Amino acid sequence: MAPIKTCVLGVGLGGLTFHIPFVLSRPSLFKLHAVMERNPKTPGGKLQARFGEEAAKGVIIHHTVEDVLADPEVELVVITTPSETHYELAKKALQAGKHVLVDKPVTAHFSQAQELGALAKSKNVVLYPFQNRRWDSDFLALRKLLDLPADHPKSLGTLYEFESRFDRYRAELKGTWKDLALEANGLTYDLAAHTIDQAVVLFGRPIKLTAFVENIRGLGSKEVDDCFTIFLHYPPVKAASGVQPQSLKVILRGHILSVRAPQVRYVVRGTRGTYLKSGVDVQEDQLKVIPSPAAIGTTAAYGVEPEEIWGTLENLGPDGSTVVKSVWPSTERGAYVGLYENVAAVIRDGAEQAVKWEQSAEVIELIELAYQSAREERTLAVPPRP
């Protein structure tokens, strides 16, 4: 199988941290044919400045998207530009017959995501959303916990509340394009795109949604939110035995003024136990500083979560009243590269997409409903799937 000739649009944090390292780390699957950098300061541009002359050797620097799409060698276009540009760039690439990988949020509007999905099908090309946090170490550990049989001593029992958070403390604006009042900007588009995706993977489509979205710091444009709380309402999970909860609530939070270290990541409550997890997957911090993309496959510590931030469990003991405390380890290595490996298999072998475009379109639909719920200060019914 010939490596897929790839062009990455954008060499900022997203391109240099979350995309180019994976393309370079799998030379049997991908060839970094080109990048798009409008005004490189040096012949090798930001790619060479970050990963060295050898990594940049032979890589073309295109200055415009028109140059990229006119390049017949480009098979896969990776879009990691500011969020407001995702729809237009993806549409142009699809119309040119290129396969496309789009960073989150995939679009600003559900209708745009639907349009792109239909266009990809008509062109018979792959359209793939970059929902990398399905490969977080702690999310993989959480899925194993939730898959335990009901009679397992560490089972949480029947779930009635699931909380997922991405909090941080930042009292000032970053001074980047993310602060601007542009479509698909704001913390909800930025981070709820991850938490909603994980929730839908675990629990499916909710029946109702209630959201609170605001600019809590009062900095910059009031249209650019920096704080969200989203409640996804689900029917009750049928209990195998014992107490029957009357609902399942999924609570998704992102706060910009959270003073805590490490920040809470998950709190999951069931009729027989509670799971608490703090700290975040280590891959982003590692990817920012790795000397070479080869480290993704050769460094023993890559993707391995430190034991001090493993999750904890509190379960009811056999007597039904004693609380038994234990650790739930994040033993599976975080592996964002798994998404890229699946992209290659889909393009070259016709494999099934691990992350389907329709799923990320649904995330955008729910984000739009969250903004509507917050504006109208009411709970909204989530339309059933057609």
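Further up the page is the structure itself.
A.B. asks: Looking at this model, I keep getting lost on the pattern of salt bridges. Mind explaining?
C.D. replies: Where charged atoms of side chains with opposite charge meet at close range, the side chains can pair. Applying the stated criterion across every chain, the model contains 25 salt bridges. Here E161 makes a salt bridge to R269, at a shortest N to O gap of 3.1 Å. Here R269 lies in strand β11 (residues 264-270) and E161 lies in strand β7 (residues 159-165), a separation of 108 residues in the sequence. Two residues, K356 and E352, come together in a salt bridge whose shortest N-O distance is 2.7 Å. In this structure, a network of salt bridges that share partners links the residues R133, D136, E284 and K288.

A.B. asks: How should the packing of aromatic side chains be read in this particular structure?
C.D. replies: Within a pair of aromatic rings, the relevant descriptors are the distance that separates the centres and the angle that separates the planes. Going through the model one piece at a time under the given rule, you end up with 9 aromatic pairs. A centroid spacing of 6.4 Å and a plane angle of 85 degrees characterise the contact between F212 and F231, whose relative ring orientation is edge-to-face. Residue F212 is located in strand β8 (residues 208-214), and its partner F231 is located in strand β9 (residues 227-234); the two are separated by 19 residues in the primary sequence. In textbook terms, an aromatic cluster arises when at least three aromatic residues are bridged by ring pairs, as seen for F22, F30, F130 and Y340. The aromatic ring of F166 is capped on one face by R265, whose charged end is 4.0 Å from the ring centroid. We note R265 situated over the ring of Y266; from NZ or CZ to the ring centre the distance is 4.2 Å.

A.B. asks: When you look at the packing of helix α7 (residues 137-146) against helix α8 (residues 187-203) in this model, what are you seeing that I'm missing?
C.D. replies: Each packed pair of helices is defined by two parameters, the angle between the axes and the distance between the axes. Where α7 meets α8, the closest approach of the two axes is 12 Å, and the angle between their N-to-C directions is 25 degrees. For the element pair α7 / α8, the angle class is roughly parallel. Considering only the axes of α7 and α8, their crossing is right-handed. Here F139, L142, R143 and L146 of α7 lie close against α8, whose contacting residues are Q198, V201 and L202. Of the residues that constitute the contact of α7 with α8, the class distribution is 5 nonpolar, 1 polar and 1 charged.

A.B. asks: I'm lost on the sheet that holds strand β10 (residues 248-255) in this one. Help?
C.D. replies: Strands belonging to one sheet form pairs held by backbone hydrogen bonds; the direction of such a pair is parallel or antiparallel. On the basis of which strands lie adjacent, the open sheet formed by 9 strands has the order β14-β13-β12-β11-β7-β10-β9-β8-β15 and mixed pairing. If you trace the sheet from one side to the other, it starts and ends with β14 (323-328) and β15 (380-381), each paired once. Sheet analysis places β11 next to strand β12 (residues 273-278), joined by 6 bridges and oriented antiparallel. Across the sheet, residue V267 finds its bridge partner in β12, namely L276. The strands touched by α7 are β7, β11, β12, β13 (311-316) and β14; relative to β11, the strand with the most contacts, the crossing angle is about 5 degrees. The sheet strands contacting α8 are β7, β8, β9, β10 and β11, and the helix crosses β9 at an angle near 20 degrees.

Reading guide: rules and limits
- Residue numbers restart at each chain and count upward from 1, following the sequence in its written direction.
- For a predicted model such as this one, the threshold for reporting local features is a pLDDT of at least 70, and the threshold for listing and counting side-chain atom pairs is 80 or more; totals across whole chains, interfaces and linings nevertheless cover every residue.
- Calculated side-chain values reflect all of the structure's heavy atoms, with hydrogen atoms and water omitted.
- Definition used for salt bridges: Asp or Glu carboxyl oxygen within 4 Å of a side-chain nitrogen of Lys or Arg.
- Strands here are runs of E lasting at least two residues and helices are runs of H or I lasting at least four, both read from the DSSP assignment and numbered beginning at the N terminus.
- Only Phe, Tyr and Trp rings are paired, with Trp represented by its six-membered ring, and only when their centres lie within 6.5 Å; those with planes under 30 degrees apart are stacked, over 60 edge-to-face, the remainder tilted.
- For a ring to carry a charge above it, either NZ of a lysine or CZ of an arginine must fall within 6 Å of the ring centroid while also lying within 35 degrees of the normal to the ring plane.
- Axis lines are fitted to C-alpha atoms, over the contacting stretch for helices. Their N-to-C directions set the angle, which ranges from 0 to 180 degrees.
- If an angle is under 35 degrees, it is roughly parallel; if it is over 145, roughly antiparallel; if it lies from 65 to 115, roughly perpendicular; otherwise it is oblique.
- Note on convention: near helix rotated counterclockwise from far helix by under a right angle means a left-handed crossing. Clockwise means right-handed.
- Whether two residues are in contact is decided by their heavy atoms: any pair within 4.5 Å suffices.
- Amino acids outside the nonpolar list (Ala, Val, Leu, Ile, Met, Phe, Trp, Tyr, Cys, Pro) and the charged list (Asp, Glu, Lys, Arg) are all regarded as polar, and Gly is one of them.
- Criterion used throughout: strands pair if DSSP finds at least two bridges between them.

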